[in-house]
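Below, each chain spelled out in residue letters.
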Amino acid sequence: MDVMIHTKVWKIDQIKSDWHVQLAQPAALLSAGKQIAFPTETVYGLGADARSEEAVRGIFSAKGRPSDNPLIVHIYDRSQVHELTNCTNELAERLMDQFWPGPLTLILPVRQGVLSNQVTAGLQTVGLRMPDHPIALELMRQAAVPIAAPSANTSGRPSPTLASHVLDDLQGKIEGIVDGGATGVGLESTVVEVSGQHIQILRPGGVTVEQLQACCPEASVTLETELETKEAPRSPGMKYTHYAPQGKLVIVKGESAAVSQYIVQQVTMHAAENKCGVLCFKENAHHYEQADLVLSLGSVNQLEQAASRLYEALRKFDEYGVTRIWSEASTTEGIGAAFMNRLLKAAGHNVINL
Ligand code: AMP
Ligand code: MG
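Our subject in this report is the structure included herewith. (Residues numbered from 1 in each chain as written. Chains lettered and ligands numbered in written order. Predicted model: local features only at pLDDT ≥ 70, side-chain atom pairs only at ≥ 80, totals over all residues. Heavy atoms only, no water.)

## Some points on the pattern of salt bridges
Thought 1: Under the counting rule described, the total for this entry stands at 14 salt bridges.
Thought 2: Measuring nitrogen to oxygen at the nearest pair gives 3.0 Å for the salt bridge that ties Glu-93 to Arg-78. With Glu-93 in helix α4 (residues 90-99) and Arg-78 in the loop between β4 (72-74) and α3 (79-84), this residue pair connects regions lying 15 residues apart in the sequence.
Thought 3: When its relative accessible area of 22% is taken as the criterion, Glu-93 is described as partly exposed.
Thought 4: Assessed through its relative accessible area of 29%, Arg-78 is described here as partly exposed.
Thought 5: The closest approach of N and O atoms between Arg-141 and Glu-138, which form a salt bridge, is 2.9 Å. Of this pair, Arg-141 and Glu-138 are both found in helix α6 (residues 134-143), three residues apart, which corresponds to roughly one turn of the helix.
Thought 6: Accessibility expressed as a relative area gives 13% for Glu-138, which makes it buried. (Salt bridge = Lys/Arg side-chain N within 4 Å of Asp/Glu carboxyl O. Helix = DSSP H or I, 4+ residues; strand = E, 2+ residues; numbered from the N terminus. Buried < 20%, exposed > 50% of the residue type's maximum accessible area, 1.4 Å probe, protein only.)

Listed below in structure tokens is the structure:
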């Protein structure tokens with residue numbers, strides 16, 4: 001039986017001095033085991049008490065998330081690391097010192113019996129992070145419980161970077177949404193597993209390979225992408241397709257002029273039977289005026305901005321009923337690694353190499 005809940009929205013304006021007070025009701029609902037969406041510096045999260053089986057079950061059912069895909073637990077105070085895990089790795093501690101609060105999730109050995117079994121999906125580890133967002137931190141401080149929080153979207157759809165995206169997917173399925181405006185990074189956290197002197201990136205994100213290496217020069221840093229993984233993925237989320245728009249998305253790679261020329265040809269060829277969309281950088285947007293919807297992610301030299309706009313763009317193509325989409329590609333340096341990782345997943349690894 002599907003139960004419809006009235007989803008409350010709390011609009012938080014951090015300019016007002018009493019914004020903390022407005023979080024009392026959503027915080028109390030979180031403590032009482034309800035599911036509440038809230039902004040973080042990466043994307044909106046759908047939170048619930050990570051210790052409660054019932055609260056966590058509510059997250060999986062609202063999102064339609066496969067139960068073997070574990071959830072990241074969000075904390076507001078460093079002392080919680082030792083309450084929830086048996087972390088003894090010096091490098092892991094250094095990464096927390098350097099990047100928390102921030103978009104870095106560490107996979108750590110979980111303490112037995114303190115978290116819901118569904119949070120860890122039966123693994124011996126838990127992913128932990130401290131988000132760098134004043135509303136998220138204050139909400140969790142008031143709720144005073146560890147918060148399991150995946151992205152607040154329907155499983156498989158692009159993650160939400162605005163409260164309206166959360167409403168589009170989860171209205172009627174969750175207790176409420178704390179609306180704190182647009183998120184910052186716009187892509188999910190970097191997920192790492194540290195063992196000895198080795199940092200394995202299981203998912204690229206807001207903290208880049210270059211930043212990790214600079215923080216730990218003596219460590220080896222490797223990026224395990226789903227294409228390179230022949231064995232069972234170490235991070236269960238890696239095996240799922242994600243972020244996909246409804247239209248068929250193809251990434252076109254190659255020299256810039258050739259890419260534009262190819263996309264224009266394709267649009268011309270498919271215009272009769274399709275609503276055609278192009279996802280591109282500002283420098284090339286003028287080439288694509290024949291397309292039905294052209295979305296520019298900003299300059300090719302400002303990939304942070306492109307990252308923050310990607311999910312909103314993917315959702316826009318759906319809103320306009322676009323059936324075929326061609327996208328330009330970026331470099332994989334810095335935040336480009338996370339940007340291309342999400343774009344490839346959204347395209348189901350459908351790439352034309354010119
Ligand atoms: P999401 O919550 O949608 O941002 O996704 C969280 C990502 O972290 C997924 O790819 C999960 O598979 C991964 N993850 C969470 N917990 C663990 C864990 N204990 N071990 C490995 N990967 C994890
Ligand atoms: Mg997600």
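Next comes the rest of the description.
## A look at the pairing of strand β6 (residues 125-129)
A regular strand places its side chains so that they alternate between the two faces of the sheet.
Thought 1: Judged by how many residues are buried, β6 sits mostly within the fold: four of five residues are covered.
Thought 2: In terms of strand pairing, β4 meets β6 through three bridges, oriented parallel. Residue pairing in the sheet places Ile-72 in a bridge with Gly-127 of β6.
Thought 3: Bridge count for strand β5 (residues 104-109) against β6 is four bridges, and the pairing is antiparallel. Opposite Pro-109, over in β6, you have Thr-125 as the bridge partner. (Pairing = 2+ DSSP bridges.)

## Observations regarding the packing of helix α1 (residues 24-31) against α6
Thought 1: Running from N to C, α1 and α6 point in directions that differ by 55 degrees, and their axes come no closer than 8 Å. As summarised for this structure, α1 and α6 are arranged oblique, according to the angle between their axes. The two elements α1 and α6 meet at a crossing, and its hand is right-handed. For the pair α1 and α6, the contacting residues are Ala-24, Pro-26, Ala-27, Leu-30 and Ser-31 in the first and Leu-139, Gln-142 and Ala-143 in the second.
Thought 2: The class makeup of the residues in the contact of α1 with α6 is six nonpolar, two polar and no charged. (Axes fitted to C-alpha atoms, helices over the stretch in contact; angles between N-to-C directions. Parallel < 35°, antiparallel > 145°, perpendicular 65-115°, else oblique. Left-handed = near helix turned anticlockwise from the far one by under 90°. Contact = heavy atoms within 4.5 Å. Nonpolar A, V, L, I, M, F, W, Y, C, P; charged D, E, K, R; others polar.)

## A few points about the site of ligand 1
Thought 1: Around ligand 1 sit 18 residues in total, of which Arg-65, Asn-69, Thr-125, Ser-235 and Gly-237 are the nearest.
Thought 2: One of the side-chain N or O atoms of Arg-65 is found 3.0 Å from an oxygen atom in ligand 1.
Thought 3: The greatest single-element share of the shell around ligand 1, amounting to three residues, is contributed by β6.
Thought 4: Tallied by class, residues from the shell around ligand 1 come to nine nonpolar, six polar and three charged. (Near = heavy atom within 4 Å. Polar contact = N/O pair within 3.5 Å; in protein donor to acceptor, adjacent residues only side chain to side chain.)

## Description of the side chain of Ser-260
Thought 1: Relative to the elements of secondary structure, Ser-260 occurs in helix α9 (residues 256-270).
Thought 2: The class of Ser-260 is buried, set by a relative accessible area of 4%.
Thought 3: A polar contact of 3.0 Å, which involves the side chain of Ser-260, links it to the side chain of Tyr-288.
Thought 4: Each residue touching Ser-260, except ones within four places of it in the same chain, is listed here: Asn-284, His-287, Tyr-288 and Glu-328.

## Some details on the nonpolar core
Thought 1: Formed by 68 residues in total, the largest nonpolar core has its most connected members in Leu-95, Leu-106, Ile-199 and Leu-212.
Thought 2: For this core, the element with the highest residue contribution is α6, accounting for six residues.
Thought 3: Every residue in contact with Leu-106, bar those within four places of it in the chain, is listed here: Ala-92, Leu-95, Met-96, Trp-100, Val-126, Gly-127, Leu-128, Val-192 and Val-194.
Thought 4: Formed by 28 residues, the second largest nonpolar core is a distinct cluster that contains Leu-297, Ala-306, Ile-335 and Ala-347. (Core = buried A, V, L, I, M, F, W, Y, C linked by side-chain atoms within 4.5 Å.)

## A short note on the packing of helix α10 (residues 303-319) against helix α11 (residues 336-346)
Thought 1: Their axes nearest at 9 Å, the elements α10 and α11 cross at an angle of 20 degrees. Relative to α11, the element α10 is oriented roughly parallel. The way α10 lies across α11 gives a crossing that is left-handed. Contacts from Leu-303, Ala-306, Ala-307, Leu-310, Tyr-311 and Leu-314 in α10 reach Gly-336, Phe-339, Arg-342, Leu-343 and Ala-346 in α11.
Thought 2: Along the lines of polarity and charge, the residues of the contact of α10 with α11 split into nine nonpolar, one polar and one charged.

## So, α4
Thought 1: Listing the buried residues of α4 in full gives Leu-91, Ala-92, Leu-95, Met-96 and Phe-99. Projected down its long axis, α4 shows its buried positions confined to an angular sector of 145 degrees, all on one face. Every exposed residue of α4 that faces more than 90 degrees away from the buried side is listed here: Asp-97 and Gln-98.
Thought 2: Elements in contact with the buried residues of α4: α3, β5, β9 (190-195), β10 (198-203) and α8 (209-215).
Thought 3: The N-capping residue of α4, defined by a side-chain oxygen 2.8 Å from the backbone nitrogen of Leu-91, is Asn-89. (Arc of directions from axis to C-beta.)

## Overview of the environment of Val-3
Thought 1: Summarising the element assignment, Val-3 is placed in the segment before β1 (8-11).
Thought 2: Residue Val-3 is classed as exposed on the basis of its relative accessible area, which comes to 58%.
Thought 3: For the pair formed by Val-3 and Lys-173, sequence separation is 170 residues and the distance between their alpha carbons is 7.5 Å.

In short, shape yes, function no, at least from these values alone.
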